[in-house]
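# Reading the structure
One letter stands for each residue in the lines below.
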Amino acid sequence: MQKDPYAGHTLAEGLRIWALETGQTLHSVTLLLQHLRMHSHPELPADARTLLKPPPEATPNERDKVPITRGELWYQDVKRCLQVYFSNILQRIEVNFRSAIFAAVVTEMNELQTSGIEMWGKVHWVSLRAIIADTPARLFIK
């Protein structure tokens, strides 16, 4: 683990990166922001939604928002989200538990491919075409 993974970032930028990389809920981030604002950081936003907005210098893809029924959806790239999610999980899990997690993923994917997933009163079929993994992950799978 790096000594200071947020070096070169302001407090707000570091909190934003931390919240996105660790998958914090809006409620958790808002509570943290309110606490920090009460303790000598009034420059921070009061609400997680403000903190987590894409920065003005964000790439066009990060700034593209799609209107949805109750607000806006900011598409953050599935590949990046999965990489962050699984790298954070695997860093915290002992090696002997990784095979159990991998077995659970295989079992669930097999079930989804056979039975599909029901959402909004309709069955949607799931198909897995490939698993792309780096060298350490491939060695672990074998």
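## So, the overall build of the protein chain
Scanning the protein chain from terminus to terminus reveals 7 helices and 4 strands. Scanning the protein chain from its N terminus toward the C terminus, one meets helices and strands in the order α-α-α-α-β-β-α-α-β-β-α. Sorting the 142 residues of the protein chain into buried and exposed places 15% on the buried side. Within the protein chain, contacts between residues at least 6 apart in sequence are counted, and of these 28% link residues at least 24 apart.

## Considerations on the nonpolar core
Among soluble globular proteins, nonpolar side chains are generally buried collectively. Leu-15, Ala-19, Val-29, Leu-33, Leu-36, Leu-44, Ala-48, Leu-51 and Leu-52 form the largest nonpolar core, which has 9 residues in total. At the level of elements, α1 (11-22), α2 (26-38) and α3 (48-51) are the ones that each hand at least two residues to this core. The leading source of residues in this core is α2, at 3 residues. Look past the residues within four positions of Leu-15 in its chain and what remains in contact with it is Leu-32, Leu-33, Leu-36, Leu-44 and Leu-51.

## Thoughts on α2
For α2, built from 13 residues, the straight-helix expectation of 18 Å at 1.5 Å per residue is met to within 8% by its first-to-last C-alpha distance of 18 Å. Buried within α2 are the following residues: Val-29, Thr-30, Leu-33 and Leu-36. Take α2 and look down its axis: the buried residues cluster within an arc of 130 degrees, on one side only. Residues of α2 that are exposed and angled more than 90 degrees away from the buried face: His-27 and Met-38. Residues of α2 that are buried make contact with α1 and α3.

## Re the environment of Tyr-6
Tracing the chain through its elements places Tyr-6 in the segment before α1. In this structure the C-alpha to C-alpha distance between Tyr-6 and Ile-17, which are 11 residues apart in sequence, comes to 8.1 Å. Dropping the residues within four chain positions of it, Tyr-6 is found in contact with Gly-14, Ile-17, Trp-18 and Glu-21.

## A look at the confidence of the model for the protein chain
For the protein chain, per-residue confidence averages 75 on the pLDDT scale, and residues scoring 70 or more make up 60% of the total. The least confident element of the protein chain is helix α4 (residues 60-63), whose mean pLDDT is 52; the most confident is α2, at 93.

## Quick look at α1
End to end, α1 covers 16 Å across 12 residues, agreeing with the expected 16 Å (1.5 Å per residue, within 8%). Those residues of α1 that sit buried are Gly-14, Leu-15, Arg-16 and Ala-19. Following α1 by one or two positions, Gly-23 has its phi on the positive side, about 70 degrees.

## Let's talk about the pattern of salt bridges
Tallied over the entire structure, the rule returns 1 salt bridge. Between Arg-49 and Asp-47 there is a salt bridge; the shortest N-O distance is 2.8 Å. On the basis of relative accessible area, Asp-47 is assigned to the partly exposed category, the value being 22%.

## Overview of unusual backbone geometry
Negative phi characterises most residues that are not glycine, and trans characterises most peptide bonds. Of note in this structure, Ser-40 is not a glycine but carries a positive phi near 70 degrees. Residue placement: Ser-40 occurs in the loop between α2 and α3. On the accessibility criterion, Ser-40 (59% relative accessible area) is exposed.

## Regarding the side chain of Thr-30
With respect to the secondary-structure elements, Thr-30 resides in helix α2. Accessibility expressed as a relative area gives 14% for Thr-30, which makes it buried. Setting aside residues up to four positions removed in sequence, Thr-30 forms contacts with Ala-46, Asp-47 and Ala-48.

Cut-offs applied
Residues numbered from 1 in each chain as written. Predicted model: local features only at pLDDT ≥ 70, side-chain atom pairs only at ≥ 80, totals over all residues. Heavy atoms only, no water. Helix = DSSP H or I, 4+ residues; strand = E, 2+ residues; numbered from the N terminus. Buried < 20%, exposed > 50% of the residue type's maximum accessible area, 1.4 Å probe, protein only. Contact = heavy atoms within 4.5 Å. Core = buried A, V, L, I, M, F, W, Y, C linked by side-chain atoms within 4.5 Å. Expected span 1.5 Å × (residues − 1). Arc of directions from axis to C-beta. pLDDT = per-residue confidence, 0-100. Salt bridge = Lys/Arg side-chain N within 4 Å of Asp/Glu carboxyl O.

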